[in-house]
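Below are the chains, spelled out letter by letter.
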Amino acid sequence: MMRIGYGEDIHRLESGGPLRLFGIDIPANVHTLAHSDGDCAYHAIADAILGALSLRDIGYYFPDNEEETAGMDSEIILRKVLEMMEEEGYMINNIDVLVTLERPRLSPYIDECINHLAEVLGIRASRVAIKAMTNEGLGAIGEGLAIRVVANVLLEEVFDE
Ligand code: MG
């Protein structure tokens, strides 16, 4: 049995870096405006996994209006979602993530992001894809006012021998 999931997140950007993405502080002159640490890559990925399992969304488990989640490291959110996935008897087959951001260019940091994400997810880097694109100057993202991340994940049922 396999299950597919989709997750998406968008955050406003404000001046002053660094930019937290995939658990990494990327050198930039912007950061995300958020209640947690604003790692919208981790948020999209966590939502994709929850979606594949039909388990609502991260806002349901980690409300963005509670003191407990203020400034929270989003890796804690992702690891909690991975625990839920394991409890449901699934593992990640592969994941494909797309970041849309006008600047900075993410290409120098993609390998580091892939390796770190693979480690957190407990899968090989060859099963992790991270792509980045600009919005060609169009709309709020194109004006550098926001960042969007979308994630697709394929889960595979774990069979105990
Ligand atoms: Mg978010």
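Above this text sits the structure in question.
Before going into details, it helps to say that this report is about the structure given with it. (Residues numbered from 1 in each chain as written. Predicted model: local features only at pLDDT ≥ 70, side-chain atom pairs only at ≥ 80, totals over all residues. Heavy atoms only, no water.)

**Details of the state of the cysteines**
Item 1. Summed over all chains, the structure comprises zero disulfides.
Item 2. The closest cysteine sulfur to the non-disulfide-bonded Cys 40 is located on Cys 113, 11 Å from its own sulfur.
Item 3. The exposure class of Cys 113 is buried, given its relative accessible area of 2%. (Disulfide = S-S within 2.5 Å. Buried < 20%, exposed > 50% of the residue type's maximum accessible area, 1.4 Å probe, protein only.)

**A few points about the packing of helix H3 (residues 74-87) against helix H4 (residues 110-121)**
Item 1. The interhelical angle for the contact between H3 and H4, taken along N-to-C directions, is 45 degrees, at an axis separation of 10 Å. What the angle tells us is that H3 and H4 run oblique. Of H4, the residues touching H3 (which contributes Glu 75, Leu 78, Arg 79 and Leu 82) are His 116, Leu 117, Val 120 and Leu 121.
Item 2. Split into classes, the residues belonging to the contact of H3 with H4 amount to five nonpolar, one polar and two charged. (Axes fitted to C-alpha atoms, helices over the stretch in contact; angles between N-to-C directions. Helix = DSSP H or I, 4+ residues; strand = E, 2+ residues; numbered from the N terminus. Parallel < 35°, antiparallel > 145°, perpendicular 65-115°, else oblique. Contact = heavy atoms within 4.5 Å. Nonpolar A, V, L, I, M, F, W, Y, C, P; charged D, E, K, R; others polar.)

**A short note on the pairing of strand E6 (residues 128-133)**
Item 1. Sheet analysis places strand E5 (residues 90-100) next to E6, joined by six bridges and oriented parallel. Within E6, the residue paired with Val 99 across the bridge is Ala 132.
Item 2. Crossover handedness for the path E5 to H4 to E6: right-handed. (Pairing = 2+ DSSP bridges. Right-handed = clockwise from strand over helix to strand, strands pointing away.)

**Some points on the coordination of the magnesium ion**
Item 1. All of the protein donors around the magnesium ion are Asp 9 (OD), His 11 (NE2) and His 43 (ND1); their distances to the metal are 2.1 to 2.2 Å.
Item 2. Each donor residue of the magnesium ion belongs to the same chain, and together they define the spacing D-x1-H-x31-H. Note that Asp 9 is positioned in strand E1 (residues 2-15) and His 43 in helix H1 (residues 40-52), a separation of 34 residues in sequence. Both residues of the pair, Asp 9 and His 43, belong to the buried class. (Donors = N, O, S within 2.8 Å, 3.2 Å for Na, K, Ca; no water.)

**Here's the deal with the nonpolar core**
Item 1. In terms of nonpolar packing, the biggest core is built from 50 residues, with Leu 21, Phe 22, Ile 45, Ile 49 and Leu 78 touching the most fellow members.
Item 2. Counting only elements with at least two residues in this core, the list comes to strand E2 (19-21), strand E3 (24-26), H1, H3, E5, H4, E6 and strand E7 (146-157).
Item 3. Element by element, the count of residues in this core is highest for H1, at 10 residues.
Item 4. Each residue touching Leu 78, except ones within four places of it in the same chain, is listed here: Tyr 42, Ile 45, Ala 46, Ile 49, Leu 117, Val 120 and Leu 121. (Core = buried A, V, L, I, M, F, W, Y, C linked by side-chain atoms within 4.5 Å.)

**Section: the packing of H1 against H3**
Item 1. Contact pair H1 / H3: the axes reach a minimum separation of 9 Å and the direction vectors enclose 15 degrees. One element, H1, and the other, H3, form an angle in the roughly parallel class. Pair H1 / H3 crosses with left-handed handedness. Facing H1, whose interface residues are Tyr 42, His 43, Ile 45, Ala 46, Ile 49 and Leu 50, H3 presents Ser 74, Glu 75, Ile 77, Leu 78, Val 81, Leu 82, Met 84 and Met 85.
Item 2. Residue classes in the contact of H1 with H3 are distributed as 11 nonpolar, two polar and one charged. (Left-handed = near helix turned anticlockwise from the far one by under 90°.)

**Brief notes about the packing of aromatic side chains**
To describe a pair of aromatic rings, you give the distance between the ring centres and the angle between the ring planes.
Item 1. On inspection of all chains with the given rule, the structure shows one aromatic pair.
Item 2. Taken together, a centroid distance of 4.9 Å and an interplanar angle of 90 degrees make the contact between Tyr 60 and Tyr 61 edge-to-face. (Phe/Tyr/Trp six-rings, centres within 6.5 Å; stacked < 30°, edge-to-face > 60°.)

**Some remarks on the sheet that holds E5**
Item 1. An order of E4-E1-E7-E5-E6 is seen for the five strands of this open sheet, with the pairing classed as mixed. Looking along the sheet, the strands with just one partner apiece sit at the ends: strand E4 (30-32) and E6. Averaged over all pairs of adjacent strands, the angle between their axes in this sheet comes to 25 degrees, without regard to strand direction.
Item 2. Pairing of E5 with E7, which is carried by 10 bridges, proceeds in the antiparallel orientation. Bridge pairing in E7 places Ile 92 opposite Leu 155.

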